[in-house]
Amino acid sequence: MSKKKKKYYVVWRGNTPGIYNSWEECQRQVVGVAGAQYKSFESKEAAERAFLRPYDEVKGTKTASDKMVGVDELGMTVVRKGEVEGPVIDSLAVDAACSGNPGVMEYQGVYVASRERVFHFKTPVGTNNIGEFLGIVHGLAYLKKHNLKQVLYSDSVNAINWVRRKECRTKLPLTSKTAELWDYIRRAEHWLETNTYTTEIRKWDTEHWGEIPADFGRK
């Protein structure tokens, strides 16, 4: 087995800006810091030169890792293409899965930096779009309740649009089997109507970053 090549990490914005010799040291400076700015380099000399320059001048430059396809320092599956910027690490990601349409549906919220699940919901009957919608609303409510100023990621354009319209535009009929889920939907819509939030909802860039961290891995 080949020895993993050492990297050096520059932190421009974090708990203590500087140059660090390991990802573990760098992570302690950036995880939980809103708008953290950092980047890895293949040599100490390159890191020292970069640290003398503003982050905005350095962040888009290519390094050897920009050509890699695989797993990044956080354990995320990532495809780095050219100068595409990566996701905000201090963020919450939500995703849904459904066995059938309709079928058993569930969604979850995962903290991107640690991959820790922070909430989960499952119901016997639902659709993927409903799950994506409810996941975003649950995420918004969770972040507001805990006063967290994090970006919220979803990979569903449809669900993001539903949330912005404050309406779950599903065609799932209201029946005795779906009544409980519809009650949950109405509560989510009511929350959107009666609450304000500052959370920025962003589309997860699956093409460049791989599957969203909240993915259930059923594809």
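See the structure printed just above.
Definitions and limits used
Residues numbered from 1 in each chain as written. Predicted model: local features only at pLDDT ≥ 70, side-chain atom pairs only at ≥ 80, totals over all residues. Heavy atoms only, no water. Helix = DSSP H or I, 4+ residues; strand = E, 2+ residues; numbered from the N terminus. Buried < 20%, exposed > 50% of the residue type's maximum accessible area, 1.4 Å probe, protein only. Contact = heavy atoms within 4.5 Å. Areas by Shrake-Rupley, 256 points an atom, 1.4 Å probe, with all protein chains shown as cover. Pairing = 2+ DSSP bridges. Axes fitted to C-alpha atoms, helices over the stretch in contact; angles between N-to-C directions. Core = buried A, V, L, I, M, F, W, Y, C linked by side-chain atoms within 4.5 Å. Phe/Tyr/Trp six-rings, centres within 6.5 Å; stacked < 30°, edge-to-face > 60°. Lys NZ or Arg CZ within 6 Å of the ring centre and 35° of its normal. Salt bridge = Lys/Arg side-chain N within 4 Å of Asp/Glu carboxyl O.

Trainee: What should I look at first to understand the overall build of the protein in this one?
Mentor: Of regular secondary structure, the protein possesses 7 helices and 10 strands. For the protein, with 219 residues in total, the buried portion stands at 46%. Partitioning the intrachain contacts of the protein with sequence separation of at least 6 by distance along the chain shows that 60% fall at a separation of at least 24. Per element, the accessible surface of the protein, about 12200 Å² overall, is 49% carbon and sulfur.

Trainee: So what exactly am I meant to see when it comes to the sheet that holds strand E9 (residues 151–154) here?
Mentor: Strand pairing in a sheet is mediated by backbone hydrogen bonds. Such pairs are either parallel or antiparallel. Strand order in the open sheet formed by 5 strands is E8-E7-E6-E9-E10, and the pairing between neighbours is mixed. For this open sheet the edge positions go to strand E8 (116–126) and strand E10 (201–203), each flanked by a neighbour on one side alone. Strand-to-strand twist in this sheet, taken as the mean axis angle between neighbours without regard to direction, amounts to 20 degrees. Both strand E7 (residues 103–111) and E8 contribute to a ladder of 8 bridges, which runs antiparallel. The residue bridging Gly109 from the neighbouring strand is Phe119, located in E8. Its contacts with the sheet put helix H4 (residues 128–145) on strand E6 (91–100), E7, E8, E9 and E10, and the angle it makes with E6 is roughly 155 degrees.

Trainee: Honestly, the nonpolar core in this entry has me stumped. Any pointers?
Mentor: Most often, soluble globular proteins keep nonpolar side chains buried together rather than apart. In terms of nonpolar packing, the biggest core is built from 29 residues, with Phe133, Leu134 and Ile136 touching the most fellow members. Of all elements in the fold, only E6, E7, E8, H4, helix H5 (157–165) and helix H6 (179–194) reach the threshold of two or more residues within this core. In contact with Ile136, not counting residues within four places along its chain, are Val94, Leu152, Ser154, Ala159, Ile160, Val163 and Ile201.

Trainee: Would you mind showing me how to read the side chain of Gln150 here?
Mentor: The residue Gln150 is located in the loop between H4 and E9 in this model. In this structure Gln150 comes out as buried when scored by relative accessible area, which is 13%. Look past the residues within four positions of Gln150 in its chain and what remains in contact with it is Asp90, Ser91, Leu92, Tyr111, Leu143, Thr199 and Glu200.

Trainee: I keep staring at the packing of aromatic side chains and nothing clicks. Help me out?
Mentor: Pairs of aromatic rings are described using the distance from one ring centre to the other and the angle between the two planes. Here the structure, examined in full by the defined rule, presents 10 aromatic pairs. Seen in terms of ring centroids, Tyr107 and Phe119 are 6.2 Å apart; in terms of plane orientation they differ by 75 degrees. Their pairing is edge-to-face. You can see Tyr107 sitting in strand E7 and its partner Phe119 sitting in strand E8, a full 12 residues away along the chain. The class for Tyr107 is buried, based on a relative accessible area of 0%. Assessed through its relative accessible area of 7%, Phe119 is described here as buried. Judged by centre distance (6.2 Å) and plane angle (65 degrees), the rings of Phe133 and Trp162 are edge-to-face. Residue Phe133 is located in helix H4, and its partner Trp162 is located in helix H5; the two are separated by 29 residues in the primary sequence. A residue is classified by how much of its surface remains accessible, and Phe133, at 0% relative accessible area, is buried. Connected via pairs of aromatic rings, a cluster forms that spans Tyr107, Phe119, Phe121, Tyr142 and Tyr184. One Lys or Arg, Lys6, reaches over the ring of Tyr8 and ends 5.1 Å from the middle of that ring.

Trainee: Explain unusual backbone geometry to me, please; I cannot follow it from the model alone.
Mentor: Negative phi is the rule for most residues except glycine; trans is the rule for most peptide bonds. Going from Asn101 to Pro102, the amide bond is cis rather than trans, its omega being 5 degrees. One can find Pro102 in the loop between E6 and E7. Even without glycine at this site, Arg115 takes up a positive phi of about 65 degrees. If you trace the backbone, Arg115 turns up in the loop between E7 and E8. Judged by relative accessible area, which is 36%, Arg115 ranks as partly exposed. With phi around 55 degrees, Asn147 is a residue other than glycine that occupies positive phi space.

Trainee: Is there a simple way to explain the pattern of salt bridges in this structure?
Mentor: If the charged atoms of two oppositely charged side chains come close together, the side chains can form a pair. This structure, assessed with the given rule, holds 4 salt bridges. Put simply, Glu167 and Arg169 hold a salt bridge, and the shortest N to O gap is 3.4 Å. Glu167 gets classed as partly exposed once you look at its relative accessible area, which sits at 36%. Arg169 sits in the partly exposed class, given a relative accessible area of 44%.

Scope: geometric values only; no functional claims are made or implied.
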